[in-house]
Amino acid sequence: MYPATAYAVALVGGGLILAEGLAVVAEAFSSTPWVSRVLPGANRFPFALGAVGVVLGLAILATASRLKSHPASSRMSGVLIIGISLVSVPFGGGFFLGLLIAVIGGILAATWNPRVVPQPAYGHPAYGLPLDQPVATTQWGPPAAPPFRLGSARRVCSTCGSLNRATSPTCEMCGASRS
Ligand SMILES: [Zn+2]
């Protein structure tokens with residue numbers, strides 16, 4: 001169980017920020033400022049800014065993957081995603097849309113609450129196991145006693161020490177009667 005929606009949204013946002021960073025890096029080697037045309041009013045971005053965008057995008061993707069691998073610390077990961085996204089504001093991370101989506105993903109992660117699963121009682125086979133792990137609960141408690149069969153009781157003869165049926169009046173070995 002992990003914040004699936006926050007994970008997906010943060011991946012999209014981080015991916016867009018990464019895409020813009022790569023585009024800005026590519027633009028630095030191109031003769032026409034095409035990224036700057038997508039963002040009206042913006043000047044041609046320097047190569048370093050694109051490199052920062054790539055790093056920030058990758059950082060968001062890495063933090064988003066932590067939502068899946070470490071759902072217990074999703075609050076911290078969410079705050080981290082929001083923080084990284086806000087760093088990309090000065091150069092319009094992910095064409096602004098990416099940073100907006102990543103912030104939403106971060107908020108979803110920071111406010112995510114895992115569904116409450118009842119904790120198994122002490123002595124239950126599932127006690128102490130991860131809550132989302134299925135456990136066979138058909139038998140718990142002490143093991144069942146072996147089935148009782150009539151006539152299975154035995155008695156030791158006080159004369160010869162042999163084992164007899166408890167119901168026989170005399171010893172089956174030596175014939176001595178019960179005392
Ligand atoms: Zn006997």
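Residues numbered from 1 in each chain as written. Predicted model: local features only at pLDDT ≥ 70, side-chain atom pairs only at ≥ 80, totals over all residues.

**Considering the overall build of the chain**
- Regarding its fold elements, the chain presents five helices and two strands.
- Counting from the amino terminus, the chain carries its helices and strands in the arrangement α-α-α-α-α-β-β.
- Out of the 179 residues in the chain, the part that is buried amounts to 27%.
- Contacts spanning at least 24 positions in sequence make up 62% of the contacts within the chain whose residues lie at least 6 apart. (Helix = DSSP H or I, 4+ residues; strand = E, 2+ residues; numbered from the N terminus. Buried ≥ 20, exposed ≤ 12 C-beta atoms within 10 Å, placed from the backbone. Contact = placed C-beta atoms within 7 Å.)

**Here we look at helix α3 (residues 47–69)**
- In this model, α3 (23 residues) spans 33 Å end to end at C-alpha, consistent with the 33 Å of a helix rising 1.5 Å per residue.
- Within α3, burial applies to Gly50, Gly53, Leu56, Gly57, Ala59, Ile60, Thr63, Ala64 and Leu67. (Expected span 1.5 Å × (residues − 1).)

**A few points about the packing of helix α1 (residues 4–28) against α3**
- Direction vectors running N to C along α1 and α3 enclose 160°, while the axes themselves pass 7 Å from each other. As far as their axial angle goes, α3 and α1 are roughly antiparallel. The way α1 lies across α3 gives a crossing that is left-handed.
- Of the residues in the contact of α1 with α3, the class split is 20 nonpolar, seven polar and two charged. (Axes fitted to C-alpha atoms, helices over the stretch in contact; angles between N-to-C directions. Parallel < 35°, antiparallel > 145°, perpendicular 65-115°, else oblique. Left-handed = near helix turned anticlockwise from the far one by under 90°. Nonpolar A, V, L, I, M, F, W, Y, C, P; charged D, E, K, R; others polar.)

**As for the nonpolar core**
- Ala6, Ala10, Ile17, Ile60, Ile81, Ala102 and Ala109 are the most contacted members of the largest nonpolar core, which has 23 residues in total.
- Going through the elements one at a time, α1, α3, α4 (74–87) and α5 (97–110) are the ones with two or more residues in this core.
- Broken down by element, this core gets its largest block of residues, seven residues, from α1.
- Apart from residues no more than four positions distant in its own chain, Ala109 is found in contact with Pro3, Ala6, Ala10, Leu67, Ser74, Ser77, Gly78 and Ile81. (Core = buried A, V, L, I, M, F, W, Y, C linked by C-beta atoms within 7 Å.)

**Some words on the packing of α1 against α5**
- In contact at an axis separation of 7 Å, α1 and α5 are set at 155° when each is read in the N-to-C sense. With respect to each other, α1 and α5 are oriented roughly antiparallel. In this structure, α1 meets α5 at a crossing whose hand is left-handed. Between α1, through Thr5, Ala6, Val9, Ala10, Val12, Gly13, Gly14, Leu16, Ile17 and Glu20, and α5, the contact on the second element is made entirely by Leu97, Gly98, Leu99, Ile101, Ala102, Ile104, Gly105, Gly106, Leu108 and Ala109.
- Its residues assigned to classes, the contact of α1 with α5 comprises 13 nonpolar, six polar and one charged.

**Notes on the confidence of the model for the chain**
- Taken as a whole, the chain shows an average pLDDT of 83; of its residues, 85% reach a score of 70 or greater.
- The spread of mean pLDDT over the elements of the chain runs between helix α2 (residues 34–38), the lowest at 70, and α4, the highest at 94. (pLDDT = per-residue confidence, 0-100.)

**Quick look at the environment of Gly50**
- Relative to the helices and strands, Gly50 is located in helix α3.
- On the basis of neighbour count, Gly50 is assigned to the buried category, with 21 C-beta atoms found within 10 Å.
- With 43 residues separating them along the chain, Gly50 and Gly93 place their C-alpha atoms 9.5 Å apart.
- Setting aside residues up to four positions removed in sequence, Gly50 forms contacts with Gly21, Val24, Val25, Ala28 and Phe45.

**Some remarks on the environment of Ala4**
- Summarising the element assignment, Ala4 is placed in helix α1.
- Accessibility expressed as a C-beta count within 10 Å gives 13 for Ala4, which makes it partly exposed.
- Placed 64 residues apart in sequence, Ala4 and Lys68 show a C-alpha to C-alpha distance of 7.6 Å.

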